[in-house]
Amino acid sequence: MKKFILKRILISVVLLFFVTLIIYGIMRCMPTSFVETKARELAQKPGAKSYQEWKAQLDAAYGLNQSVIQGYLTWASKAVRGQFGDSWYWNQPVLKKFASVIWYSFALGLASFIIEIFIAIPSGIAAARRQYSMTDYVITVLALIGISLPSFFFATILKWGFAIKLGWLDLYGIVGRMHEQLTPMGKILDMAQHMILPVITLSVVSIGALMRYTRTNMLEVLNSDYIRTARAKGLDEKRVVNHHAFRNTLIPIVTLLGGSLPGLFSGAMITETLFQIPGIGYTSYQCILQGDIPFVMFYMLFLAILILLGNLIADVLYAVVDPRVRVN
């Protein structure tokens, strides 16, 4: 297992090198440039230098006058030491801005993740136990709707119904106008209230896939020989399903969920942007529009590490939960 983990880590380092190199090259080719926008603003001030002079000065300050390879090597040499520079758009260190927004995304992702587990897994098992029944058809239709439903469309419906028509919840934001005048508990409840619609959006659009996955695996287990043997021995159906079938169904599900755990920190760019939740997804969207290379590079590196870590966790968990699997 140690050799397997070490080998995967070394492969991940090589993958990170090429991924970040490609991302840096794409960022340098983006039509939107913070430097150009800033140089244009400075050049319009009375008695200021020309646009070309300001742009050349800012390019030299941010290392954009180098080639893509040289610029990437400069960025990478600082990144391995944990130095990601200052965000051009937010005018503060990248790590400081990241630390101030990541927990909004984590709270949003954790709440939707818990709801997804407690709804999708029992529903998938219920559909498999009552195959071709009305329960199975209803759950299957709901799962397909969740899979096919775009998050931006569903979020718009929720905002129109609960915020505009009914007026029960705020349309966007993480806090209300009277937030600072509330008690500490009132502030927590105010933020939780603003999280309701985003959490519902993420939960509904993600439940369908896990529900179908659980149903498929449960049906495969229920049709296994050892399940038929357990039934032939006269065991109670609840014991057959809950004790024998359910534990074996959890093996691939735990692997899938383990791989998705790092995604709790990656943010949901579309949902956060629609509800203007100041998480890592919405913050990165604003930086992309402004051509903020330091922050976007850090965010992309962060996502790449999460994906590689998720794959490693999934592989290790599969070997842990299934004794029949041994990693060579």
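Quick note: structure is the one above.
Residues numbered from 1 in each chain as written. Predicted model: local features only at pLDDT ≥ 70, side-chain atom pairs only at ≥ 80, totals over all residues. Heavy atoms only, no water.

### As for the side chain of Asp 292
Following the sequence through the fold, Asp 292 ends up in the loop between helix 12 (280-290) and helix 13 (293-321). For the buried Asp 292, no salt bridge exists, and the shortest N-O distance to an oppositely charged side chain is 9.5 Å, to Lys 97. In terms of polar contacts, Asp 292 uses its side chain to reach the side chain of Ser 87, at 2.4 Å. Setting aside its immediate chain neighbours within four residues, Asp 292 contacts Met 27, Ser 87, Trp 88, Tyr 89, Trp 90 and Cys 287. (Helix = DSSP H or I, 4+ residues; strand = E, 2+ residues; numbered from the N terminus. Buried < 20%, exposed > 50% of the residue type's maximum accessible area, 1.4 Å probe, protein only. Lys, Arg positive; Asp, Glu negative; His and termini not counted. Salt bridge = Lys/Arg side-chain N within 4 Å of Asp/Glu carboxyl O. Polar contact = N/O pair within 3.5 Å; in protein donor to acceptor, adjacent residues only side chain to side chain. Contact = heavy atoms within 4.5 Å.)

### A word on the nonpolar core
Met 27, Trp 75, Phe 84, Ile 280, Ile 293 and Met 297 are the most contacted members of the largest nonpolar core, which has 35 residues in total. Considering every element that reaches this core, the biggest residue donor is helix 13, with 11 residues. If we skip the residues at most four places from it in the chain, Met 27 touches Asp 292, Ile 293, Val 296 and Met 297. (Core = buried A, V, L, I, M, F, W, Y, C linked by side-chain atoms within 4.5 Å.)

### Quick notes on the packing of helix 7 (residues 151-165) against helix 8 (residues 184-222)
It is at 10 Å that the axes of helix 7 and helix 8 come closest, and there the two elements cross at 140 degrees. One way to sum up the angle between helix 7 and helix 8 is to call them oblique. With respect to the hand of their crossing, helix 7 and helix 8 are arranged in right-handed fashion. Side by side, helix 7 and helix 8 meet where Ser 151, Phe 154, Ala 155, Leu 158, Lys 159 and Phe 162 of the first sit next to Leu 197, Ile 200, Thr 201, Val 204 and Val 205 of the second. Among the residues forming the contact of helix 7 with helix 8, the class breakdown is eight nonpolar, two polar and one charged. (Axes fitted to C-alpha atoms, helices over the stretch in contact; angles between N-to-C directions. Parallel < 35°, antiparallel > 145°, perpendicular 65-115°, else oblique. Left-handed = near helix turned anticlockwise from the far one by under 90°. Nonpolar A, V, L, I, M, F, W, Y, C, P; charged D, E, K, R; others polar.)

### A closer look at empty space enclosed by the protein
Using a probe with the size of a water molecule, rolled over the atoms, empty space left in the structure can be pinpointed. Overall, the coordinates contain one cavity of 30 Å³ or more when judged by the stated rule. As a volume, the largest cavity reaches approximately 50 Å³. What lines the largest cavity is simply Leu 169, Asp 170, Leu 171, Tyr 172, Gly 173, Gln 193, His 194, Leu 197, Pro 198 and Phe 275. In terms of residues, the lining of the largest cavity owes the most to one element, helix 8, which gives four residues. Grouping the constituent residues of the lining of the largest cavity by class yields six nonpolar, three polar and one charged. (1 Å grid on protein atoms, 1.4 Å probe; cavity = no way out; pocket = protein on both sides within 12 Å on 5 of 7 lines; lining within 4 Å. Points joined across faces, edges and corners; volume = space filled by probe spheres on them.)

### Overview of the packing of aromatic side chains
All told, the structure shown has 12 aromatic pairs when counted by the stated rule. Centre to centre, the rings of Phe 84 and Phe 298 are 4.8 Å apart; their planes meet at 70 degrees, and the pair counts as edge-to-face. Of the two residues, Phe 84 is situated in the loop between helix 4 (68-79) and strand 1 (86-87) and Phe 298 in helix 13; the sequence distance between them amounts to 214 residues. Each of the two residues, Phe 84 as well as Phe 298, counts as buried. Measuring from ring centre to ring centre gives 4.9 Å for Phe 98 and Phe 298, while their planes differ by 80 degrees; the resulting arrangement is edge-to-face. Here the residue Phe 98 occupies a position in helix 5 (residues 94-129), and Phe 298 occupies one in helix 13, the gap between them amounting to 200 residues. Taken as a pair, Phe 98 and Phe 298 share a single burial class, namely buried. Each member of the aromatic cluster is reached from another via a ring pair, and the members are Phe 17, Phe 18, Tyr 24, Tyr 72, Trp 75, Phe 84, Phe 98, Phe 298 and Phe 302. Directly above the ring of Trp 90 sits Lys 97, whose terminal nitrogen or CZ lies 3.8 Å from the centroid. Cation over ring: Lys 159 sits above Phe 275, and NZ or CZ is 5.6 Å from the ring centre. (Phe/Tyr/Trp six-rings, centres within 6.5 Å; stacked < 30°, edge-to-face > 60°. Lys NZ or Arg CZ within 6 Å of the ring centre and 35° of its normal.)

### What to know about helix 3 (residues 51-62)
The end-to-end C-alpha separation of helix 3 is 16 Å, in line with the 16 Å expected for 12 residues at 1.5 Å each. For helix 3, the set of buried residues is Trp 54, Leu 58 and Asp 59. Axial view of helix 3: buried residues confined to an arc of 135 degrees, hence all on one face. Positive phi appears at Gly 63, one or two residues downstream of helix 3, with a value of about 75 degrees. (Expected span 1.5 Å × (residues − 1). Arc of directions from axis to C-beta.)

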